[in-house]
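Listed here are the chains, written in short residue letters.
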Amino acid sequence: MSDVFISQQSYGKNNIRLIKVIRNKNWHEVVELTIHVLLDGDFTTAYTEADNSKVVATDSMKNTVYILAKQSSNVQNIELFATEIGRHFIFTYSHVSQANVSITKHKWTRMLVDGKFHDHSFYRDGEDTHNAKVIVTRINNNDEDNEISIKIESGLKDLLVLKTTGSKFSGFIRDKYTTLPETNDRILSTSIDATWTYNIISSNLTSLTENVIKFDNIFDSIRSITLNIFATHDSESVQATLYLMANSVLNEHPQIESIRYELPNKHSFAYDLERFGLKNSEGNDADIFVPFDKPNGIISATISRKK
Ligand SMILES: O=c1[nH]c(=O)c2[nH]c(=O)[nH]c2[nH]1
């Protein structure tokens, strides 16, 4: 064979689906997660020699996740649970150098029945999710927490929003390729994806567990800042609104190093009803729109603190 080598590998189990019921007498909590586990390390011979002796079966990875979920009290805190899973693979298999664990938490909101929160019934009030991606890397070959590094990224995904006014778009390049009219009043709609990184580096699970970073509080706050700015900003463009969101998050949360937003522009254009003698042009006249899902604009940027 020609002179080749494996320049990258990772393997694991994707889409491990899990529900945990946390029972407090009759008062139940429910957590639904989708989990991806990827391992890197000394796996070369599995590819080059068809030697499986170092392979942790992806089926065993799946079993491990369910066992850890049974034993852990952190399943609802996905950043911590992902860290526990990652540490497990690093400390159990000495040839694993890096574990990459991603978790998506799906929404289950407690039902309000006859004005009272129900003790065991929930509904899905939106497809938006809370996500965590944790990379646990071995630094030295020791079974010690201080011999690993833990990198944590959190995010929110698929938060679909729309505002019916308070959005303009004008002043852009007009040349022979331009047909889009300037507008002082348009529908603005996007499906918000945001991911952020923390500047507190911890190799130690206990310090994370003791809430050096309160991941869930930060998540709730970023979601609320994002919605707030979307609703209240008199937007000149998606770009300007994105920047304001990121700036507010970085101002509010000193633990956050950088935040990335990906905002598809879900266009809606006023339907041409002038042809039927009906006013439906820009501003107050327009109330009938056609949503166009494709093609869509996509505005994305990472905003980071200056060093
Ligand atoms: O907010 C916007 N930013 C753009 O870059 C753009 N481009 C476009 O056609 N419409 C919009 N809207």
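Residues numbered from 1 in each chain as written. Predicted model: local features only at pLDDT ≥ 70, side-chain atom pairs only at ≥ 80, totals over all residues. Heavy atoms only, no water.

As recorded by an unreviewed UniProt entry, the chain carries the name Uricase and is attributed to Diversispora epigaea. The UniProt entry for the chain carries this comment under Subcellular location (unreviewed entry): "Peroxisome". The UniProt entry for the chain carries the following text under Function (unreviewed entry): "Catalyzes the oxidation of uric acid to 5-hydroxyisourate, which is further processed to form (S)-allantoin." (UniProt positions renumbered as here; feature names shortened; annotations may be inferred.)

Caption draft 1: Local environment of the nonpolar core. Of all hydrophobic cores here, the largest spans 60 residues; its most connected members are I35, F81, I85, W196 and Y261. Each of domain 1 (1-146) and domain 2 (156-306) contributes no fewer than three residues to this core. Setting aside residues up to four positions removed in sequence, Y261 forms contacts with I192, D193, A194, I222, T226, L242, M245, A246, V249, I299, S300 and A301. (Core = buried A, V, L, I, M, F, W, Y, C linked by side-chain atoms within 4.5 Å. Buried < 20%, exposed > 50% of the residue type's maximum accessible area, 1.4 Å probe, protein only. Domains from an automatic or database assignment. Contact = heavy atoms within 4.5 Å.)

Caption draft 2: Expanded view of the pattern of salt bridges. Under the definition given, this model contains 15 salt bridges. One salt bridge in this structure joins R223 and D128, with 2.9 Å as the shortest N-O distance. Of the two residues, R223 is situated in helix α5 (residues 215-232) and D128 in the loop between β5 (116-123) and β6 (129-138); the sequence distance between them amounts to 95 residues. Here R223 falls in the partly exposed class, since its relative accessible area comes to 22%. The exposure class of D128 is buried, given its relative accessible area of 10%. Here K168 ties to E236 by a salt bridge, and the two come within 3.8 Å at their closest N and O atoms. (Salt bridge = Lys/Arg side-chain N within 4 Å of Asp/Glu carboxyl O. Helix = DSSP H or I, 4+ residues; strand = E, 2+ residues; numbered from the N terminus.)

Caption draft 3: Quick look at the UniProt feature "active site" (unreviewed entry) in the chain. According to UniProt, the "active site" (unreviewed entry) feature falls on K13, T58 and H267. A maximum C-alpha distance of 42.0 Å among these annotated residues, which run over 255 residues, shows that they spread across the structure rather than meeting at one spot. Within the secondary structure, K13 is located in strand β1 (residues 11-24). Other than its neighbours up to four places away in sequence, K13 contacts I35, H36, V37, T58, D59, M61 and K62. Topologically, T58 is positioned in helix α2 (residues 58-71). On the accessibility criterion, T58 (24% relative accessible area) is partly exposed. Once you skip the residues sitting within four places of it in the chain, T58 turns out to touch Y11, G12 and K13.

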